Amino acid sequence: MIEIYPEINKSENQCPRCGTLGRSNGKLYFQGTHCLSNQVCSDCSLEFYSTLPIGHASLFPVAFSLDGQYHQFNREEGSWMAEPLINSFQNPPIKEVPIQLLQPSSGGDLLLINCLDSCFGHVFTKIWNVYLLKKQFPTKTLAVLLPERCRWLISDKEVEIWSVALPLEELGKGVHGLDLWVKQQFKRFHSVALSVVPVHIDQEQLDFSQILQVSPFELEEFDRLPLQLTFIWRSDRFWLNSRGLDLLHKASIKYNFQNWVEDILQHRQGSLLRRLVKRVRKSFPNVAFYVTGIGRDGKLPHGCHDERVEKMQESVERRWNEIYRGSHLVIGVHGSHMMIPTALAAGFIEILPRHKIDHLTEDIAQSYNSRLSHFLGRFVDEFSSPDLVAEHVVSMVKGFGKVYQNLQI
Ligand SMILES: [Zn+2]
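Residues numbered from 1 in each chain as written. Predicted model: local features only at pLDDT ≥ 70, side-chain atom pairs only at ≥ 80, totals over all residues. Heavy atoms only, no water.

> Explain the overall build of the chain here, please?
When its secondary structure is counted, the chain shows 11 helices and 19 strands. In summary, the chain has a C-alpha radius of gyration of 23 Å against a globular reference of 22 Å for 409 residues, a match within 12%. With the principal axes as the frame, the chain shows a C-alpha extent of 70 × 50 × 40 Å. Long-range pairs, those at least 24 residues apart, make up 64% of the contacts in the chain between residues at least 6 apart in sequence. Carbon and sulfur atoms form 50% of the exposed surface of the chain, whose accessible area is close to 19400 Å². Distance from the positive charge centre (43 side chains) to the negative charge centre (45 side chains) of the chain: 5 Å. (Helix = DSSP H or I, 4+ residues; strand = E, 2+ residues; numbered from the N terminus. Rg over C-alpha atoms; globule rule 2.2 N^0.38 Å. Contact = heavy atoms within 4.5 Å. Areas by Shrake-Rupley, 256 points an atom, 1.4 Å probe, with all protein chains shown as cover. Lys, Arg positive; Asp, Glu negative; His and termini not counted. Charge placed at Lys NZ, Arg CZ, Asp CG, Glu CD.)

> Explanation requested: the coordination of the zinc ion in the structure shown.
Angles between donor atoms at a metal ideally measure 109.5 degrees for a four-coordinate tetrahedral arrangement and either 90 or 180 degrees for a six-coordinate octahedral one. Coordination of the zinc ion by the protein involves C15 (SG), C18 (SG), C41 (SG) and C44 (SG), with metal-donor separations of 2.2 to 2.3 Å. The sequence pattern formed by the donor residues of the zinc ion is C-x2-C-x22-C-x2-C. Of the two residues, C18 sits in the loop between β2 (12-14) and β3 (21-23) while C44 sits in the loop between β5 (35-40) and β6 (47-51), which places them 26 residues apart along the sequence. Judged by relative accessible area, C44 falls into the partly exposed class, the value being 24%. (Donors = N, O, S within 2.8 Å, 3.2 Å for Na, K, Ca; no water. Buried < 20%, exposed > 50% of the residue type's maximum accessible area, 1.4 Å probe, protein only.)

> Explanation requested: the domain arrangement of the chain in the structure shown.
In terms of domains, the chain is made up of domain 1 (1-201) and domain 2 (210-408). Relative to domain 2, the C-alpha centre of domain 1 lies at a distance of 33 Å. Counting residues at the interface gives 12 residues for domain 1, matched by 14 residues for domain 2. The three residues of domain 1 that bury the most area against domain 2 are F124, Y131 and W152, which together make up 49% of that side's buried surface. Along the contact surface separating domain 1 from domain 2 lie one salt bridge. R149 is the partner of E317 in a salt bridge, and the nearest nitrogen-oxygen pair spans 3.5 Å. (Domains from an automatic or database assignment. Buried area = accessible area lost by both parts, 1.4 Å probe. Salt bridge = Lys/Arg side-chain N within 4 Å of Asp/Glu carboxyl O.)

> What is the right way to read the packing of helix α7 (residues 258-283) against helix α11 (residues 386-408) from this model?
A pair of packed helices is captured by two measures, namely the crossing angle of their axes and the spacing between those axes. One way to put it is that α7 packs onto α11 with a least axis distance of 9 Å and a crossing angle of 35 degrees. Note on packing geometry: the crossing formed by α7 with α11 is right-handed. Of the residues in α11, those in contact with L272, R275, L276, R279, V280 and S283 of α7 are P386, D387, V389, A390, V393, V394 and K398. By residue class, the composition of the contact of α7 with α11 is eight nonpolar, one polar and four charged. (Axes fitted to C-alpha atoms, helices over the stretch in contact; angles between N-to-C directions. Left-handed = near helix turned anticlockwise from the far one by under 90°. Nonpolar A, V, L, I, M, F, W, Y, C, P; charged D, E, K, R; others polar.)

Take a look at the structure:
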């Protein structure tokens, strides 16, 4: 925890121009995803910002001058986080953003958990802290700063919600007016501390049925329920199983011509899915196959339940959750869209792009602590064929009963 009100716990930061180590002057700035400490170098007089060690900034600290000319960060691993932050000061957002206070408390000692982020997976894992901190600090008042789209993930009526009405993809650019709004809220409290919001929490400590407000798939029912499989579709990341198309996809991102190739890639993904469904139906003719995800382009196999949408809203999240908790397996390409499905379904098959190998498990919320975690959690290479994926499906469905029974003995 970092105490910030009424007194600030001052931090030591290094000037990004001359390297002098100095103490912050105590001024904070709430940028959006990040909380920054403002200071002036005692040696070269450069005014700069440093990230407070909160969320991913505790792993990849950033210091930068206000004009962006001088900066210090881990270029190899931290650029994805540092560059949008620095850019948010060069092109500050100007649009007014509605910020809402929901479930206001009567004051007391506040612990603020900042869950703002442009990536859904990051927001979701940051929110896990709310549930753990509630147990750890029962006498404190908790407030969670989050994107409006994710506020359904707070089921606890005693937690204040500070809801920012910006789409996730806009959040990385900073939030106009947030700093002032947040500081006004502090006046209602005796004291305010910031949670350091760890982002790699052991999910075994969590109760997903509390967070998602539905129970996960009941394993006892695995062999009794009619077989249901769900593929999670993305329109910006594809299962292609083709080195040529993979190269085309990467080039389209690098040279910004995604719109020209999108149809080809969607068509390819749809055709792989058709082959997968056909192959699975050979073993399980009555399988129910669902497809969820954002974007409705791309033809799906005949007889699939197309639950894809163009725009996300709370009612869709809740409908999808019912589908996931009824799914024996969820299948999809690596990404934060896999977190909730893997928390609720019995098992998963993740198609893993090779450049994401280092990030394996970051998007998985399944939490079995036995050999079931291996049996019901499979990672396959991005160049896997529909036949191979189908082979995993058939093996998992047919073999589950035996593995599960052996574990009960
Ligand atoms: Zn300096």
